[in-house]
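# Commentary on secondary and tertiary structure
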Amino acid sequence: MEVQGVAYRSIWAIEEGKRVGIIDQTRLPHEFVEVELTAMNDAAIAIRDMWVRGAPLIGATAAYGMALAMSEDTSNDSLDHAYETLYATRPTAVNLRWALDDMKMLLQPAMQEDRVAIAWQRAREICDEDAEANRQLGAHGLRLIEEIAAKKPAGEPVNILTHCNAGWLATVDWGTATSAIYQAHNKGIKVHVWVDETRPRNQGAHLTAWELGEHGVPHTLIVDNVGGHLMQHGLVDLCIVGTDRTTASGDVCNKIGTYLKALAAHDNGVPFYVALPSSTIDWTIHDGIKEIPIEQRCGDEVAFITGQNAAGVVENVRICPQSTPVANYAFDVTPAKYVNGLMTERGVCAASAEGLASLFPERVMVPQP
Ligand code: MRU
């Protein structure tokens, strides 16, 4: 997508075999800073400290982390060490494990002298595949937006609510939740996006608002608790969110607060869709509430808030008494029954084992006797 009219991806090889470029997302929206990763450890830090974030981008960065590790040392020890170091960075987004397994499966049987070339090529492919999957899932979601637009009074936009940042910054390109929105906007369909600020880290305010603004998509920032009120007053036509891990039966784990939006949507008859490339499906689990590890992050993310002061200086300020105990759960699980559909690269399906099996029959696991 574009930044100041220049086409960008969220991650790119600056020099194959040596250097990878990313955008430091902790600095947005106030500063646009590109960072170079030159070692596996740089990639691990970038994921852990959330310079890059969002399930698909975490996977893509981990793939390049493995490639950087091979450029440093092609031994089996190096491969195992890179896998373990990168795997330990963040627990919830399953794309991390998916990308690491993919890379390891390819690299382990390869001759050491071939590993660097194989690793960099596969990392590049993983990025290209993610961008293409997101474009495709957005094309399927676009039809849904077109159907809603056709029923709206002439000139009125389709109002779409989204949570957190499931935009191009969370992926390699297009975004998941935003892909259909960008494609509708590009096609001249009037859309307007309600952007949840998404405490504690405010990925909605910092990232989604920024990238929609860069692309010229009309949007309005709201605090996290407004969604229910808007839905009660007919001001939301559709919710589209992303996901960090979706089970084989359609339970959706996403940024904390998603579940409450799904409940409000259900109560008000507002369609609630989840957009995801298939790399975000964890085919090994069925019960999202019991089986998905929910990341708990440092309490400072809740106790402090970052923003720009009147003088233009970015500051981090405390919003509660120094002694206040704080809990920081980063994700929650929305049971499949509250999800109207899953937008994937192969089409839109019901959020259920049957729905997913209809699109991905090769992934259905037959229980062993
Ligand atoms: O903690 P983050 O920023 O890595 O969380 C990821 C997200 O932004 C969301 O949960 C998103 O909706 C899913 S990733 C496409």
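## Looking at empty space enclosed by the protein
Per the counting criterion, the structure on display carries two cavities of 30 Å³ or more. Taken as a whole, the largest cavity encloses approximately 170 Å³ of empty space. As for the largest cavity, its lining consists of 20 residues, of which Arg53, Gly54, Ala55, Asn165 and Asp244 are closest to the centre. Elements with a contribution of two residues or more to the lining of the largest cavity: helix H2 (55–72) and strand S11 (252–255). If you tally residues by element for the lining of the largest cavity, the top one is H2, at three residues. Looking at the lining of the largest cavity residue by residue, the class counts come to eight nonpolar, eight polar and four charged. Both of domain 1 (2–128) and domain 2 (143–359) provide at least three residues apiece to the lining of the largest cavity. Pro200, Arg201, Gln203, Lys255, Ile256, Arg297, Glu301, Asn328, Tyr329 and Ala330 are the residues that line the second largest cavity. Residues that form the lining of the second largest cavity fall into these classes: four nonpolar, two polar and four charged.

## Observations concerning the side chain of Asp251
Here Asp251 shows up in the loop between strand S10 (245–247) and S11. No salt bridge is formed by the buried Asp251; the nearest opposite charge belongs to Lys337, separated by 9.0 Å. Looking at Asp251, its side chain comes within polar contact range of the main-chain nitrogen of Gly288, at 2.9 Å. Setting aside anything within four residues of it in sequence, one finds Asp251 in contact with Arg245, Thr246, His286, Asp287, Gly288, Ile289, Val333, Thr334, Pro335 and Ala336.

## Quick notes on the site of the ligand
Around the ligand sit 18 residues in total, of which Arg53, Arg90, Asp244, Asn254 and Lys255 are the nearest. Side-chain polar atom of Arg53 to an oxygen atom of the ligand: 2.5 Å apart, as the coordinates give it. Here an oxygen atom of the ligand and a backbone polar atom of Asn165 are 2.9 Å apart. Coverage of the ligand by the protein amounts to 100% of the 410 Å² it exposes when considered alone. Judged by its atoms lying within 2 Å of the grid points, the ligand is housed in the largest cavity. Secondary structure elements with two or more residues in the shell around the ligand: H2 and S11. Split into classes, the residues belonging to the shell around the ligand amount to seven nonpolar, seven polar and four charged.

## Quick look at the domain arrangement of the protein chain
According to the domain assignment, the protein chain contains domain 1 (2–128) and domain 2 (143–359). Taken over C-alpha atoms, the centre of domain 1 sits 24 Å from the centre of domain 2. Facing the 32 residues of domain 1 at the interface are 35 residues of domain 2. Taking both sides of the interface into account, the surface hidden between domain 1 and domain 2 amounts to around 2800 Å²; carbon and sulfur atoms contribute 55%. Looking only at domain 1, the three residues that lose the most surface to domain 2 are His30, Arg53 and Thr92, adding up to 22% of its buried area. Taken together, the links from domain 1 to domain 2 amount to two salt bridges. Note that Asp282 and Arg97 form a salt bridge whose closest N and O atoms lie 3.0 Å from each other. Tallying contributions element by element places H2 first for the side of domain 1 that touches domain 2, with four residues. Looking at the side of domain 1 that touches domain 2, its residues break down into 17 nonpolar, eight polar and seven charged.

Analysis parameters
- Residues numbered from 1 in each chain as written.
- Predicted model: local features only at pLDDT ≥ 70, side-chain atom pairs only at ≥ 80, totals over all residues.
- Heavy atoms only, no water.
- 1 Å grid on protein atoms, 1.4 Å probe; cavity = no way out; pocket = protein on both sides within 12 Å on 5 of 7 lines; lining within 4 Å.
- Points joined across faces, edges and corners; volume = space filled by probe spheres on them.
- Helix = DSSP H or I, 4+ residues; strand = E, 2+ residues; numbered from the N terminus.
- Nonpolar A, V, L, I, M, F, W, Y, C, P; charged D, E, K, R; others polar.
- Domains from an automatic or database assignment.
- Buried < 20%, exposed > 50% of the residue type's maximum accessible area, 1.4 Å probe, protein only.
- Lys, Arg positive; Asp, Glu negative; His and termini not counted.
- Salt bridge = Lys/Arg side-chain N within 4 Å of Asp/Glu carboxyl O.
- Polar contact = N/O pair within 3.5 Å; in protein donor to acceptor, adjacent residues only side chain to side chain.
- Contact = heavy atoms within 4.5 Å.
- Near = heavy atom within 4 Å.
- Areas by Shrake-Rupley, 256 points an atom, 1.4 Å probe, with all protein chains shown as cover.
- Sits in = over half its atoms within 2 Å of the grid points.
- Buried area = accessible area lost by both parts, 1.4 Å probe.

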